[in-house]
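Fold and geometry: a report
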Amino acid sequence: MQLCDLKNGERARIIKIGRIGELKKRLVDMGVTAGETIKLERNAPLGDPQEYIVKSTGIAIRKEDAKNIEVEKVEE
């Protein structure tokens, strides 16, 4: 499944990050790496971008970029 498929409050484990250019390096620097748990905190008022929590830090990722991040749901 893709990161953009998560619903508010759901958690997932990152499997891999696809090709998203220079953004990939920035995401990895912020802790978005394979094996890390990520949670969808909320959507922006118009639905894009979405706020995710990774390593206790909130980051905003556009849906277009979240489509390139493969995850698997984690039960809480």
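To be clear, the structure that these remarks concern was listed above.
Summarised in this report is the structure supplied together with it.

About the criteria used
- Residues numbered from 1 in each chain as written.
- Predicted model: local features only at pLDDT ≥ 70, side-chain atom pairs only at ≥ 80, totals over all residues.
- Heavy atoms only, no water.
- Helix = DSSP H or I, 4+ residues; strand = E, 2+ residues; numbered from the N terminus.
- Contact = heavy atoms within 4.5 Å.
- Core = buried A, V, L, I, M, F, W, Y, C linked by side-chain atoms within 4.5 Å.
- Buried < 20%, exposed > 50% of the residue type's maximum accessible area, 1.4 Å probe, protein only.

1. A few points about the side chain of Asp65
Residue position: Asp65 is located in helix H2 (residues 63-66). When residues no more than four places from it in sequence are discounted, the contact partners of Asp65 are Ile20 and Leu23.

2. So, the nonpolar core
Ranked by internal contacts, the top residues of the largest apolar core, which has 18 residues, are Leu3 and Tyr52. At the level of secondary structure, the elements contributing two or more residues to this core comprise strand S1 (11-17), strand S2 (37-43), strand S3 (50-54), strand S4 (57-61) and strand S5 (69-74). Among the elements that line this core, the one with the most residues is S1, at three residues. When residues no more than four places from it in sequence are discounted, the contact partners of Tyr52 are Leu3, Cys4, Leu6, Ile38, Lys39, Leu40, Glu41, Thr57, Gly58, Ile59, Ile61 and Ala66.

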